There are 2 protein chains.
Amino acid sequence: MKLAELGEFGLIGQIARKVSPDKTVRLGIGDDAAATEPTPGCLTLTTSDMLIEGVHFDLDWCTPASLGRKSLSVNLSDIAAMGGVPRWFLLSLAIPPTLPVEFLDAFIQGMLGLATEHNVTLIGGDTCSSRNGLAISVTLLGEQLPERVVSRSGARPGDLVFVTGTLGDSALGLEMLKKGERSGPAVEKHLDPTPRLREGMALAEAGLPIAMIDISDGLAADLGHILEMSGVGARLLLDEIPLSPFYRERVADYASDPFRLALGGGEDYELLFTAPPSAREEVFAICRSCGTPASVIGTITESAGLTIESATFPNYRLSEKGYNHFRND
Amino acid sequence: MKLAELGEFGLIGQIARKVSPDKTVRLGIGDDAAATEPTPGCLTLTTSDMLIEGVHFDLDWCTPASLGRKSLSVNLSDIAAMGGVPRWFLLSLAIPPTLPVEFLDAFIQGMLGLATEHNVTLIGGDTCSSRNGLAISVTLLGEQLPERVVSRSGARPGDLVFVTGTLGDSALGLEMLKKGERSGPAVEKHLDPTPRLREGMALAEAGLPIAMIDISDGLAADLGHILEMSGVGARLLLDEIPLSPFYRERVADYASDPFRLALGGGEDYELLFTAPPSAREEVFAICRSCGTPASVIGTITESAGLTIESATFPNYRLSEKGYNHFRND
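Residues numbered from 1 in each chain as written. Chains lettered and ligands numbered in written order. Predicted model: local features only at pLDDT ≥ 70, side-chain atom pairs only at ≥ 80, totals over all residues. Heavy atoms only, no water.

Describe the nonpolar core, listing the residues and the values that go with them.
One finds Phe89(A), Ile136(A), Ile241(A), Leu263(A), Leu272(A) and Val283(A) to be the most contacted residues of the largest nonpolar core, which totals 100 residues. Of the residues forming this core, the biggest block, nine residues, is contributed by helix 4 (residues 101-117) of chain A. Apart from the residues lying within four places of it in its own chain, the contact partners of Leu263(A) are Gly218(A), Leu219(A), Ala220(A), Leu236(A), Leu238(A), Ile241(A), Ile308(A), Tyr316(A) and Leu318(A). In this structure, Leu3(B), Ala211(B), Val232(B) and Ile297(B) belong to the second largest nonpolar core, which totals 98 residues. (Core = buried A, V, L, I, M, F, W, Y, C linked by side-chain atoms within 4.5 Å. Buried < 20%, exposed > 50% of the residue type's maximum accessible area, 1.4 Å probe, protein only. Helix = DSSP H or I, 4+ residues; strand = E, 2+ residues; numbered from the N terminus. Contact = heavy atoms within 4.5 Å.)

Give a description of the relation of the copies chain B and chain A that names residues and reports values.
Here chain B sits on chain A after a turn of 180° about the axis and a move of 0.0 Å along it, with an RMSD of 0.0 Å. The symmetry that links the two subunits is that of a two-fold axis. If distances are taken from each C-alpha of chain B to the rotation axis, the shortest is found for Asn132(B), at 3.0 Å. Mapped onto chain A, 100% of the interface residues of chain B again fall at the interface, so both copies present the same surface. (Least-squares fit on C-alpha atoms with pLDDT ≥ 70 in both.)

Account for the pairing of strand 5 (residues 121-129) of chain A, with residues named and values stated.
One face of the sheet, then the other: side chains in a regular strand alternate in exactly this way. All names here are of chain A. Burial analysis of strand 5 places eight of its nine residues in the buried class, the great majority of the element. Here eight bridges tie strand 4 (residues 85-95) to strand 5, and the two strands are oriented parallel to one another. Within strand 5, the residue paired with Trp 88 across the bridge is Thr 121. Traced from strand 4 through helix 4 to strand 5, the parallel crossover comes out right-handed. (Pairing = 2+ DSSP bridges. Right-handed = clockwise from strand over helix to strand, strands pointing away.)

Can you tell me about unusual backbone geometry, naming the residues and giving the values?
For Tyr269(A), which is not a glycine, the phi torsion comes out positive at approximately 55°. Tracing the backbone shows Tyr269(A) in the loop between helix 10 (260-264) and strand 10 (271-275). In this structure, Glu267(B) is a non-glycine residue whose phi angle is positive, near 65°. Summarising the element assignment, Glu267(B) is placed in the loop between helix 10 (260-264) and strand 10 (271-275).

Go over the packing of aromatic side chains with me, naming the residues and quoting the values.
All names here are of chain B. Scanning all chains against the criterion turns up eight aromatic pairs over all chains. Aromatic side chains Phe 259 and Phe 313 sit 5.5 Å apart centroid to centroid with 85° between the ring planes, which places their arrangement in the edge-to-face category. With a gap of 54 residues between them, Phe 259 in the loop between helix 9 (245-250) and helix 10 and Phe 313 in the segment after strand 12 (305-309) connect regions that are remote in the sequence. With a relative accessible area of 8%, Phe 259 lands in the buried category. A residue is classified by how much of its surface remains accessible, and Phe 313, at 35% relative accessible area, is partly exposed. Taking the centre distance of 5.8 Å and the plane angle of 80° together, the rings of Phe 259 and Tyr 316 count as edge-to-face. (Phe/Tyr/Trp six-rings, centres within 6.5 Å; stacked < 30°, edge-to-face > 60°.)

Right under this line is the structure:
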């Protein structure tokens, strides 16, 4: 079926019928604005991400369902990085008229499936036509008590630097996709990353993270954001950076510097945070119980800047610092 | 200056420095998510609109400042239509690398100027590169007490149908722009519409509107949304539709049906609402005191459908029903 036959309001109606009821939503899809009931005492956390065809995704590589999931996941990951509880989201789509309705159905199905897993409800958005490729914008609202919200600032000298999961798999997956590979754990992590919501919430509830961010631009760049916002530096232990067995096995085929994708690749959507050394074992236990082990990969220092230490590569130098839109290189 | 020299984080920093402080914003631009303090007892109202180059705007027609204002205005208008108070917003931009930084500066300046007028604060968003034209997505959060929120549903037989301001000017302006005209009140209304926030809030505080919507798709289509959501019909009085002197004077040059642009054109961003006949004078007084007179243009009927009555054009038939993305014609 073509979108022109279904029409804008047909599409919106079709999406609205698939959304599960949520008693905190007084007005959902179909009014001028959604109306939701905030939880008394909580701050509202709001984040928004845009995904542009040809920049963030390639329709030859992803399935519509995985694209739908990822468009929500990248926002869920931002709420996770605040220690927040995700609640409601809006989806805006600029759709090329040639895009089949079946694609949109599978996209929405993937997105709403993930929304159900995390108890978040689609409450509105916008649909319009696009002349040049699909553009997706998701805005997610979350909540958390003020004392539990974790920002990027506040990291203190002596804090340990923690990261969940393994790094570089997503960037390796992207390199593999570019070379024609279409499956495997790295490709899957790139196309369908898992936001670390349980970990973020559990850590925030335990009051452990001092500063936290999710890794979307790459470890070095995102650690840089924490350092800048906190007015501190860090010593990064290269040999402690968690790498998956798959990454160790395959990275040499795609990068001459074995750490380049883990440090600069981005889109890991793992949590990067600092906590005092006394919290080390509790952080490990919480992350393990949530399903994603954490590692200590460095220490916050008083002197600014990021220094990298390694017994294996004593003179290691970072070859790139992470993704930056608009850059020429 | 080129965007590539400024970089993504340079751009974000430049925008962040221009935002006025707001004590309800605990964390603004620059963290994974914004954190804001909701007003106790209020519902959160959320709306999102996408503006795509070549679909919603033409860079040859608008100034960067007016585009910045309009991108926020269309969202402010949605909050006005709920009777809400606008509070915080997020801006996402997909930017072609060739766009000069000066354009973005003027765009942001225009947007933030309007934000200050309406006491709303930019709290976050996203920036990325685009390969095909500028894409803008704004999400606006507003608030209102539950009993004051006005939805599209609930219109009752016997209610009068009101509209603020005059209709068709924006659509006339668009036709004029297409033919090469670049100024005049209609062109201005198209490029820089005024959201009826004061009117929406004052009406909602007085508890007068039963159902309300802003006219973005055109009077006939948007009245259709109220009728559908309320399960009622309406009798529209063609001769009572408020037309500006400029519209009356110029419409014949652009449309053979003098009511086509007023009924089907869209982007008026006027408020369309129903209220009981007993509220008529109070509605008029409130809207006059807010600066935009209201008119009665019809009555809600029990029988479904929209009938159009006119002494001047007794057999008038609507030639189009409003804008619908994805439609072939």
